[in-house]
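Listed below are the residues making up each chain.
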Amino acid sequence: MEVQHKSKFSVIIPTYNERLNIALIVYLVFKHLRDVDFEIIVVDDGSPDGTQDIVKQLQQVYGEDRILLRARPKKLGLGTAYIHGLKHASGNFVVIMDADLSHHPKYLPSFIRKQLETGADIVTGTRYVKDGGVHGWTLMRKLTSRGANVLAQTLLWPGVSDLTGSFRLYRKSVLEDVISSCVSKGYVFQMEMIVRASRKGYHIEEVPITFVDRVFGSSKLGGSEIVEYLKGLAYLLVTT
Amino acid sequence: MKHIVKIMTLLVAVSALWVGLLQTSIVPQSHTWLLPIYFVVSLGCYGLLMVGVGLMQFPTCPQEALLLQQDIVEAKQYLKQKGVDVIPTDVVDA
Ligand SMILES: Nc1nc2c(ncn2[C@@H]2O[C@H](COP(=O)(O)OP(=O)(O)OP(=O)(O)O)[C@@H](O)[C@H]2O)c(=O)[nH]1
Ligand SMILES: [Mg+2]
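Residues numbered from 1 in each chain as written. Chains lettered and ligands numbered in written order. Predicted model: local features only at pLDDT ≥ 70, side-chain atom pairs only at ≥ 80, totals over all residues. Heavy atoms only, no water.

Undergrad: Quick question: what am I supposed to make of the overall build of chain B here?
TA: Helix and strand content of chain B: three helices and zero strands. Counting from the amino terminus, helix and strand elements in chain B follow one another as α-α-α. Its C-alpha radius of gyration of 29 Å places chain B more than 25% over the 12 Å reference for a compact globule of 94 residues. In terms of its C-alpha atoms, chain B occupies a principal-axis envelope of roughly 85 × 35 × 20 Å. Residues counted as buried form 22% of the 94 residues belonging to chain B. By element, 72% of the accessible surface of chain B is carried by carbon and sulfur atoms, the whole surface being about 6,900 Å². Looking at chain B, you have 5 positive and 6 negative side-chain charges, and the mean spots of the two groups are 15 Å apart. (Helix = DSSP H or I, 4+ residues; strand = E, 2+ residues; numbered from the N terminus. Rg over C-alpha atoms; globule rule 2.2 N^0.38 Å. Buried < 20%, exposed > 50% of the residue type's maximum accessible area, 1.4 Å probe, protein only. Areas by Shrake-Rupley, 256 points an atom, 1.4 Å probe, with all protein chains shown as cover. Lys, Arg positive; Asp, Glu negative; His and termini not counted. Charge placed at Lys NZ, Arg CZ, Asp CG, Glu CD.)

Undergrad: What is the right way to read the pairing of strand E4 (residues 93–96) of chain A from this model?
TA: For a regular strand, side chains alternate in direction, first toward one face of the sheet and then toward the other. Residue and element names in this part refer to chain A. Going residue by residue along E4, you find Phe 93 and Val 95 tucked away on one face and Val 94 and Ile 96 tucked away on the opposite face as well. Pairing of strand E1 (residues 8–15) with E4 involves four bridges; the strand directions are parallel. When the sheet's bridge partners are listed, Ser 10 is paired in E4 with Val 94. Of the pairings in the sheet, the one linking E4 to strand E7 (residues 168–171) comprises four bridges and is antiparallel in character. Within the sheet, the bridge partner assigned to Val 95 lies in E7 and is Leu 169. (Pairing = 2+ DSSP bridges.)

Undergrad: Sorry, what's going on with unusual backbone geometry here?
TA: All names here are of chain A. Positioned with a positive phi, Asn 17 is a non-glycine residue whose angle comes to about 55°. When you line up the elements, Asn 17 lands in the loop between E1 and helix H1 (19–32). The residue Asp 131 is not glycine, and still its phi comes out positive at about 75°. Within the secondary structure layout, Asp 131 lies in the loop between strand E5 (122–126) and strand E6 (133–135).

Undergrad: Help me out: how do you make sense of the sheet that holds strand E8 (residues 204–208) of chain A in this one?
TA: Residues and elements named next belong to chain A. Strand order across the open sheet formed by seven strands is E3-E2-E1-E4-E7-E5-E8, with mixed pairing between neighbours. This sheet does not close on itself; its edge strands, each paired only once, are strand E3 (67–69) and E8. The mean angle between the axes of side-by-side strands here comes to 20°, regardless of whether they run parallel or antiparallel. Packed onto the sheet, helix H2 (residues 51–62) meets E1, strand E2 (37–44) and E3 and runs at close to 150° relative to E3. Contacts from helix H7 (residues 186–199) reach E5, E7 and E8 within the one sheet, and its direction differs from that of E7 by about 40°. (Axes fitted to C-alpha atoms, helices over the stretch in contact; angles between N-to-C directions. Contact = heavy atoms within 4.5 Å.)

Structure follows, in structure tokens:
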């Protein structure tokens, strides 16, 4: 992709036990962002599987200025991992993505192009439009996802079609502003970020992405997700 | 304005309309009394319909899973050649 602007992108990837995935995703990011000025910031929370060793090896291959390892001593959660990564970001734009390959780096150019075309503050990946999609979900998971989406759309009028996805590009100043007012955890955190941004009047655009459920490693979210989700919805209703 | 206030305002406005309708009785009172029930039922139907339609048209992408497998093979090959030991110590895969 030909890029003539001087933007720099900081790609923040939080990891916990993603030894194999982080290597694959770094390769794919470099493959798909050829003529773009970017850095990758890995925020690892002391993964016992040696994720950090792999990141150090990757630094040898791609350069320590392109891949930054900003580790934390123990598992402290996703929300604070983003804030931690953000502190070390030197770009004027920040991309947030998961390490587990559910967010494919091949979509990065379309995020950047969309931002360039529209001047948006936030470009968010959506699975629920034409050319988007999900692979590997059970019927139950699809049902909860649709139910959660209809409920949130009816009650919150957020103006975006995919509230719980977390593959997004932010103007750095906007991310700093929005993230400081978000307190939720898990899926609700992603929803809170985009709803607050929308209420603050930031310009949000969407691009279609496909989402393939993780192949390697295991999911770190769990527990009574539906209850948490409903609580989060109520919280957003009264605070935004 | 908090979002809940917006929704409440909307509800109050609709209720006011309903009370007005009750008093002026343009429509027979017996019908007007049933309106809130119609409202709740149709809201429920709308929700179920949206979930149902959403489920039926749920966009899937099986070909993406295959493409991803190819990407993984390609990436592993490159990384191995660069000396990154991507193969987890406890997993043996072909
Ligand atoms: N630094 C850090 N990263 C985390 C933590 N929890 C999860 N992650 C990472 O955040 C990303 C998303 O986590 P996942 O476990 O894939 O959550 P999910 O995508 O909702 O769940 P799946 O459906 O299983 O993929 C992955 O890259 C994880 O490695 C954490 O406490 N700290
Ligand atoms: Mg995931």
